[in-house]
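# Structural features, examined
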Amino acid sequence: MSYIKIPKEWEIPENQVTSESDYINRRKFIRDLGLASAGALLFSTSNACAQNKGVEKQLEPYRAQKLDAENNPNFTVNRQMTDEVVAATYNNYYEFTTSKSGVWKEVKQFKTRPWEIKISGLVEKPMTLDVDDLIKQMPLEERIYRFRCVEAWAMVVPWIGFPMKALLEKVQPTADAKYVRMLTFLDSEVAPQQRNLRYPWPYYEGLTLAEAMNDLTILTVGIYGHILPPQHGAPIRLIVPWKYGFKSIKSIVSIELISQKPRTFWNTLAPREYDFEANVNPNVPHPRWSQANERMIGTGERLPTRIYNGYGSSVAHLYQ
Ligand code: MTE
């Protein structure tokens, strides 16, 4: 047996990932803005300050609830970490609004505790668990992942969670279980867009059982060292880093093991644009835009898209 660790293609030492505090650098921020006029610069900086103040306040109660989770050095990336405020003010959460910069304001009344999650279907031991009890039982760790939205923006964030596999092993899927189907909550009193019947609410997603059991697939309960704020899908969401972000369903209430391939929210809405697999692939353009490059939120940097979002050595075998 060899004791030499061969790093996977996305791994670099943790100390090479730029910390959040290094990244919040006013001079760089100004340079990145690239604005010619000092007046326009002052105006937009003060707008950004006002927005930052608002979101800092909104984040306060979540930041106060730290999670005891060690960083797993096997999962890090050679890209700059996205600033927490940038990630918390650029979200997709269609239940609340279709405006990415407006989600954090719309989720203020969204109560994510107490919260139950049901695991059912083709399993030996179905269970319904309070999310905080589940968190206590699970081996929490922090992983820095690349995250790539189908809309060609990307970020790098430190998620805290546990492998989905650990939960599935608890409920013991039967031999007939081939897929996992997940659902988001349904409550139009809380999430006003759920009254918009153009969309087939509640949001639903699915994975093959093999994808769900892959070590990269995590159920996520925290970000940047603390519990998830609602805009990121509190109290528990999926993260599958080699797939487009729409697969990473937020605020999950149900996980069901089934034998047939499930429908998914975006595939039902636009089957030509969003397929079940949704693996990140620079060579397959979206029908309306190229997927060859991606834009890092916060810096605007454009980078080439990587096949399977750079995680091919762990997942390519699933598709052969
Ligand atoms: N989950 C639910 N329930 N509703 C949503 O609108 N949007 C998806 C995914 N999960 C979405 C969801 C999309 S399109 C993306 S890109 C990511 O959440 C965004 O996650 P973030 O806001 O934490 O960056």
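Relevant structure appears above.
Quick caveat: nothing in here was measured; it's all calculated off a predicted structure.

Let us look at the overall build of the protein. Each helix and strand in the protein was counted, giving ten helices and 13 strands. By the burial criterion, 52% of the 320 residues in the protein qualify as buried. The long-range share in the protein, meaning contacts at least 24 apart out of those at least 6 apart in sequence, stands at 72%. Carbon and sulfur atoms form 52% of the exposed surface of the protein, whose accessible area is close to 15,200 Å².

Right, let's talk about the site of the ligand for a bit. Near the ligand lie 19 residues; those nearest to it are Tyr 94, Glu 95, His 232, Arg 237 and Lys 250. A distance of 3.0 Å separates a nitrogen atom of the ligand from a polar atom in the side chain of Thr 184. A distance of 2.7 Å separates an oxygen atom of the ligand from a polar atom in the side chain of Arg 237. Taking 540 Å² as the accessible area of the ligand by itself, protein coverage stands at 99%.

Per the stated rule, a full pass over the model turns up 13 salt bridges. As a salt-bridge pair, Arg 181 and Glu 256 come within 3.7 Å of each other at their nearest N and O atoms. Here Arg 181 is found in strand E6 (residues 179–184), whereas its partner Glu 256 is found in strand E11 (residues 252–258), with 75 residues between them in sequence. In this structure, Arg 288 and Glu 273 form a salt bridge, with 2.6 Å as the shortest nitrogen-oxygen distance. One end of the pair, Arg 288, is in the loop between helix H9 (265–269) and strand E12 (293–296); the other, Glu 273, is in the loop between H9 and E12, with 15 residues separating them in the sequence. Its relative accessible area of 54% is what places Arg 288 among the exposed residues. What you see here is one network of salt bridges that share partners, running through Glu 56, Arg 63 and Glu 84.

Right, let's get into the environment of Ser 120. By the element assignment, Ser 120 lies in strand E2 (residues 116–121). It is 10.0 Å that separates the C-alpha atoms of Ser 120 and Val 180, two residues lying 60 residues apart in sequence. In contact with Ser 120, other than residues within four places in its own chain, are Pro 126, Ile 255, Glu 256 and Leu 257.

All right, on to the pairing of E2 then. In terms of strand pairing, E2 meets strand E3 (residues 127–130) through four bridges, oriented antiparallel. Paired with Glu 116 across the strands is Asp 130, a residue of E3. Taking the residues that link successive antiparallel strands as the turn, the E2-E3 hairpin has five residues. In the sheet, E2 pairs with E11 via four bridges, with the strands oriented parallel. Bridge pairing in E11 links Ile 119 to Ile 255.

About the thresholds
- Residues numbered from 1 in each chain as written.
- Predicted model: local features only at pLDDT ≥ 70, side-chain atom pairs only at ≥ 80, totals over all residues.
- Heavy atoms only, no water.
- Helix = DSSP H or I, 4+ residues; strand = E, 2+ residues; numbered from the N terminus.
- Buried < 20%, exposed > 50% of the residue type's maximum accessible area, 1.4 Å probe, protein only.
- Contact = heavy atoms within 4.5 Å.
- Areas by Shrake-Rupley, 256 points an atom, 1.4 Å probe, with all protein chains shown as cover.
- Near = heavy atom within 4 Å.
- Polar contact = N/O pair within 3.5 Å; in protein donor to acceptor, adjacent residues only side chain to side chain.
- Salt bridge = Lys/Arg side-chain N within 4 Å of Asp/Glu carboxyl O.
- Pairing = 2+ DSSP bridges.

Interpretation in functional terms is not warranted from these geometric data alone.
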